[in-house]
Amino acid sequence: LFDRIRRYLAQEVVPTALRAGFLTPCHDQLGTAVMLELFACADDDFMNKFSMAGTIQSLKAQRQQVSVRAERLVNCQKEFEAIALCL
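This is a predicted model, so every value here is computed, not measured.

### Observations concerning the overall build of the protein
Thinking step 1. When you go through the protein residue by residue, the secondary structure sums to three helices and zero strands.
Thinking step 2. A total of about 7400 Å² of accessible surface is found on the protein, and carbon and sulfur atoms cover 62% of it.

Laid out in structure tokens, this is it:
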């Protein structure tokens, strides 16, 4: 009985809770954050983002940071799933 409960928790409850409590909210808020960053500003500020020297390099650096963060989140999810299976 304990083994079935443990298996159920490890395979269904923990990954679902992790996804619902952490990964899905981050994913859902990402689009809103990008839209606010781009469009919730004055026209001059918007144009300055794309016309200033070094803007492309800055955007590439930010993209790289987001990519690294996303990779870390995926690794965390995999580690949580592995820990849940061990329980």
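The structure having been displayed, the exposition proceeds.
### Observations concerning helix α3 (residues 55–86)
Thinking step 1. Between its first and last C-alpha atoms α3 spans 46 Å; for 32 residues at 1.5 Å apiece the expected length is 46 Å, and the two agree.
Thinking step 2. Of the residues making up α3, those classed as buried are Thr55, Gln77 and Ala84.

### Structural notes on the confidence of the model for the protein
Thinking step 1. When pLDDT is averaged along the protein, the result is 78, and 84% of the positions lie at 70 or above.
Thinking step 2. Per-residue pLDDT, averaged within each element of the protein, yields its smallest value for helix α1 (residues 2–39) (72) and its largest for α3 (86).

### Examining the environment of Ala84
Thinking step 1. Along the chain, Ala84 falls in helix α3.
Thinking step 2. As for Ala84 and Tyr8, which are separated by 76 residues in sequence, their C-alpha atoms are 9.9 Å apart.

### Let's talk about a nonpolar patch on the surface
Thinking step 1. Taken together, the side chains of Phe80, Ile83 and Leu87 define a hydrophobic patch exposed on the protein surface, amounting to about 320 Å² of accessible area.
Thinking step 2. By the element assignment, Ile83 lies in helix α3.

What counts and what doesn't
Residues numbered from 1 in each chain as written. Predicted model: local features only at pLDDT ≥ 70, side-chain atom pairs only at ≥ 80, totals over all residues. Heavy atoms only, no water. Helix = DSSP H or I, 4+ residues; strand = E, 2+ residues; numbered from the N terminus. Areas by Shrake-Rupley, 256 points an atom, 1.4 Å probe, with all protein chains shown as cover. Expected span 1.5 Å × (residues − 1). Buried < 20%, exposed > 50% of the residue type's maximum accessible area, 1.4 Å probe, protein only. pLDDT = per-residue confidence, 0-100. Patch = residues over 30% accessible without salt bridge, like charges linked within 9 Å, V, L, I, M, F, W, Y side chains within 5 Å. Salt bridge = Lys/Arg side-chain N within 4 Å of Asp/Glu carboxyl O.

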